[in-house]
Amino acid sequence: MTGRDGTVHAGDVHSLQLHLTPLGAYRVLGVPMQALSGGAVDLADVLGRPVVDELVERLATTDDWDAQFRLFGQTLGERTAATAPPDPAVAWAWRRLSRSGGGVGVGELAAELGVSRRHLTRRFHHQVGLPPKSLARVLRFRRAVRLYAEMPGRSWSRIAAECGYYDHAHLDADFRSLAACTPTEFVTRSDGFSLPS
């Protein structure tokens, strides 16, 4: 069987889904995030087969949802306690980029932090999974999609200006690169689309 998200499985599936920020994933998984970026990775390859097998078995033998969530939360808490927190400069840059919708340049971030662009980019890539410039691009794209979803009649040129694109062609190029289509095609394909916050 193929699930709605494209995963293939042999039959009934019971699952818990967890959405983490990149820095949350860095903290829980305790590995360089660029190693996980751009692909699907088996959790056992990151945490180790014994850890994952034990967690799956304990979750499978717990019938109560509240108890499953407590167990899952306990496991995440233990992982977080065992790993180093993100670099405060990276955490600050992540928040600044996120709040601005990708509207802050790497040079500006580095200057505000008092570090070199190279240093910030290297640390950021290690802990977030993408360099700050690439993340800013993704955040700008997501912001453009959200703005259109909030007001479908708004022109793409206006959205491009609001999101910090140089012009409509720049926005178009990002859509072609990140969604493999134009903004108009994206809306037609998505029909009532939404992005997680």
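What comes next concerns the included structure. Residue positions within a chain follow its written sequence, with the count starting from 1. Only residues with pLDDT of 70 or above have their local features reported here, since the model is predicted, and side-chain atom pairs are shown and tallied only from 80 upward, although totals for entire chains, interfaces and linings are computed over all residues. Heavy atoms throughout the structure, all of them, feed into the side-chain values; hydrogens and water do not.

Let us look at the overall build of the chain. Looking only at helices and strands, the chain features eleven helices and zero strands. Its C-alpha atoms give the chain principal-axis dimensions of roughly 55 × 45 × 25 Å. Categorising residues by exposure relies on relative accessible area from a 1.4 Å probe, with only protein chains included: less than 20% of the type maximum marks a residue as buried, more than 50% marks it as exposed, and the intermediate range marks it as partly exposed. The 197 residues of the chain split such that 32% are buried. Note on contacts: a residue pair is in contact if any heavy atoms of the two residues lie within 4.5 Å. Taking the intrachain contacts of the chain between residues at least 6 apart in sequence as the baseline, contacts between residues at least 24 apart amount to 52%. The method behind every accessible area is Shrake-Rupley, applied with a 1.4 Å probe, and residues are considered shielded solely by the protein chains displayed. Here the chain displays about 12300 Å² of accessible surface, and carbon together with sulfur accounts for 53% of that area. A run of H or I in DSSP becomes a helix once it reaches four residues, and a run of E becomes a strand once it reaches two; helices and strands are each numbered from the N terminus.

On to the packing of helix 8 (residues 132-150) against helix 10 (residues 168-179). Whenever a helix is involved, its axis is fitted only over the stretch in contact; in every case the axis is a line through C-alpha atoms, and angles between N-to-C directions fall within 0 to 180 degrees. It is the contact of helix 8 with helix 10, at a shortest axis distance of 10 Å, that shows an interaxial angle of 105 degrees. Between helix 8 and helix 10, the interaxial angle falls into the category roughly perpendicular. Of helix 10, the residues touching helix 8 (which contributes R137, V138, R140, F141, A144 and V145) are L171, A173, D174, F175, S177, L178 and A179. Its residues assigned to classes, the contact of helix 8 with helix 10 comprises nine nonpolar, one polar and three charged. Any angle that falls under 35 degrees is termed roughly parallel, while one over 145 is termed roughly antiparallel, one within 65 to 115 roughly perpendicular, and all others oblique. Residues are sorted three ways: Asp, Glu, Lys and Arg are charged, Ala, Val, Leu, Ile, Met, Phe, Trp, Tyr, Cys and Pro are nonpolar, and all the rest, Gly among them, are polar.

What follows deals with the nonpolar core. Only buried Ala, Val, Leu, Ile, Met, Phe, Trp, Tyr and Cys residues count toward a nonpolar core, and they belong to the same one when joined by side-chain atoms within 4.5 Å. By size, the foremost hydrophobic cluster in this structure holds 16 residues, and its most contacted members are L97, F124, V128 and L135. Elements supplying a minimum of two residues to this core: helix 5 (88-99), helix 6 (106-113), helix 7 (117-128) and helix 8. It is helix 5 that provides the largest number of residues to this core, a total of five residues. Residues Y148, A160, A179 and F186 belong to the second largest nonpolar core, which totals 15 residues.

Looking now at the packing of aromatic side chains. What counts as a ring pair is set by centres within 6.5 Å for rings of Phe, Tyr and Trp (its six-membered ring), and what kind of pair is set by the plane angle: stacked under 30 degrees, edge-to-face over 60, tilted for all other angles. Throughout the structure, instances matching the rule amount to six aromatic pairs. For the pair W156 and F175, a centre-to-centre distance of 5.3 Å together with 75 degrees between the ring planes defines the contact as edge-to-face. A residue pair is termed long-range when its members are at least 10 positions apart, and W156 in helix 9 (residues 156-162) and F175 in helix 10 qualify at 19 residues. Among the aromatic side chains, those forming a connected cluster through ring pairs are F141, Y148, W156, F175 and F186. Sitting above the plane of the Y165 ring, R140 keeps its charged end 5.4 Å from the centroid. In our convention, an over-ring charge means Lys NZ or Arg CZ found within 6 Å of a ring centre and within 35 degrees of that ring's normal.

Salt bridge criterion: a side-chain nitrogen from Lys or Arg within 4 Å of a carboxyl oxygen from Asp or Glu. Inspection of every chain in the model, using the stated rule, returns eight salt bridges. Between R96 and E108 there is a salt bridge, and its shortest N-O distance comes to 3.0 Å. With R96 in helix 5 and E108 in helix 6, this pair connects stretches of sequence that are twelve residues apart. On the accessibility criterion, E108 (39% relative accessible area) is partly exposed.

Turning next to the layout of surface pockets. A 1.4 Å probe that fits into a set of points on a 1 Å grid over the protein atoms alone but cannot get out defines a cavity; an open set with protein on both sides within 12 Å along at least five of seven lines defines a pocket, and lining residues are those with an atom within 4 Å of a point. Grid points are joined across faces, edges and corners, and a volume is the space filled by probe spheres set on the points. In this structure, the second largest pocket occupies an estimated 290 Å³ of space. Lining the second largest pocket are 15 residues, and of these V104, G105, K133, R140 and Y166 lie nearest its centre. Elements supplying a minimum of two residues to the lining of the second largest pocket: helix 6 and helix 8. Element by element, the count of residues in the lining of the second largest pocket is highest for helix 8, at four residues. Residue composition of the lining of the second largest pocket, by class: five nonpolar, six polar and four charged.

It is at 11 Å that the axes of helix 5 and helix 6 come closest, and there the two elements cross at 135 degrees. Relative to helix 6, helix 5 is oriented oblique. With respect to the hand of their crossing, helix 5 and helix 6 are arranged in right-handed fashion. Of helix 6, the residues touching helix 5 (which contributes A89, W92, A93, R96 and L97) are E108, L109, E112 and L113. Note: crossing handedness is left-handed where the near helix turns anticlockwise from the far helix by less than a right angle, and right-handed where it turns clockwise.

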